[in-house]
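Analysis of the macromolecular model
One letter stands for each residue in the lines below.
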Amino acid sequence: MSENLTTEQPNNDFVTLPKDLFILNTLAMGVAVQILAKVTGETIEDWQEYVRAKASEQYGELSAEKIQQIVETLDDFITA
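All chains use their own residue numbering, which begins from 1 and follows the written sequence. Local features in this predicted model are restricted to residues whose pLDDT is 70 or higher, and side-chain atom pairs enter the listing and the counts only when it is 80 or higher, whereas totals over whole chains, interfaces and linings include all residues. Working from all heavy atoms in the structure, the side-chain values ignore hydrogens and water.

**Concerning the packing of helix H1 (residues 19-40) against helix H2 (residues 44-61)**
Helices that pack against each other are described as a pair by the angle of their axes relative to one another and the distance between those axes. Here an angle of 0 to 180 degrees is reported between the N-to-C directions of two axes, which are lines fitted to C-alpha atoms, with helices fitted over the stretch in contact. Going along the chain from the N terminus, every DSSP run of H or I of four or more residues is numbered as a helix, and every run of E of two or more is numbered as a strand. Contact geometry of H1 with H2 gives a least axis separation of 9 Å together with a crossing angle of 125 degrees. Judged by the angle between their axes, H1 and H2 are oblique. Viewed along their axes, H1 and H2 form a crossing whose handedness is right-handed. Together, Met29, Val33, Gln34, Leu36, Ala37 and Thr40 of H1 and Ile44, Trp47, Gln48 and Val51 of H2 make up the contact between the two elements. Polar here means any residue other than Ala, Val, Leu, Ile, Met, Phe, Trp, Tyr, Cys and Pro, which are nonpolar, and Asp, Glu, Lys and Arg, which are charged; Gly is therefore polar. Taken together, the residues that form the contact of H1 with H2 break down as 7 nonpolar, 3 polar and no charged. When describing relative orientation, an angle under 35 degrees is termed roughly parallel and one over 145 degrees roughly antiparallel, while 65 to 115 degrees is termed roughly perpendicular and anything else oblique. Left-handed describes a crossing whose near helix is turned anticlockwise from the far helix through less than a right angle; right-handed describes the clockwise counterpart. We call two residues in contact whenever any of their non-hydrogen atoms come within 4.5 Å of each other.

This is the structure we're talking about:
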């Protein structure tokens, strides 16, 4: 993987992701939102807002342990 991108988490911990993985996930989300908008007739902006709200809601429900587990799973994927 290429250069790393560091993202700050709300608890001031840091997670370092390869830049290409970050961009790939960002683009994939964009494609998914575009498809949803096309299929449903809703705007891309409405879907982006909905997805952000749902993701924020789900993040808020995660325990610190579950967040750490997700981070470790991603780290295992990156280093595999």
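What follows picks up the thread again.
**Here we look at the pattern of salt bridges**
Salt bridge, as applied in this entry: a Lys or Arg side-chain nitrogen positioned within 4 Å of an Asp or Glu carboxyl oxygen. Tallied over the full model, the rule gives 1 salt bridge. With a shortest N-O distance of 3.6 Å, Lys54 and Glu57 are connected by a salt bridge. Of this pair, Lys54 and Glu57 both sit in helix H2, 3 residues apart, roughly one helical turn. Classification of Glu57 by relative accessible area gives partly exposed; the value is 42%. Burial classification: accessible surface area is computed with a 1.4 Å probe over protein chains only, and a residue below 20% of its type maximum counts as buried, one above 50% as exposed, and the rest as partly exposed.

**Digging into a negative patch on the surface**
Among the surface-exposed residues, Glu42, Glu45, Asp46 and Glu49 lie close enough to one another that they form a single negatively charged patch. By the element assignment, Glu49 lies in helix H2. Surface patches are defined over residues having more than 30% relative accessible area and no salt bridge, joining like charges when they lie within 9 Å and nonpolar side chains (Val, Leu, Ile, Met, Phe, Trp, Tyr) when within 5 Å. For accessible areas, the Shrake-Rupley method is used with a probe of radius 1.4 Å. Any residue's cover is judged against the shown protein chains and nothing else. His is not counted, nor are the chain ends, whereas Lys and Arg count as positive and Asp and Glu as negative. Lys charges are placed at NZ, Arg charges at CZ, Asp charges at CG and Glu charges at CD.

**Digging into a nonpolar patch on the surface**
Taken together, Phe22, Ile23 and Leu27 make up a surface patch of nonpolar side chains, about 260 Å² in accessible area. Relative to the assigned elements, Phe22 resides in helix H1.

**Structural notes on the packing of aromatic side chains**
Put simply, two rings from Phe, Tyr or Trp (the six-membered ring, in Trp's case) pair if the centres are within 6.5 Å, and we call them stacked under 30 degrees between planes, edge-to-face over 60, tilted for the rest. Counting across every chain of the model gives 1 aromatic pair. Pairing Trp47 with Tyr50 gives two aromatic rings, centres 5.6 Å apart and planes at 90 degrees, and the pair type is edge-to-face. Here Trp47 and its partner Tyr50 are both found in helix H2, 3 residues apart, which amounts to about one turn of the helix. Using a relative accessible area of 46% as the deciding quantity, one classes Tyr50 as partly exposed.

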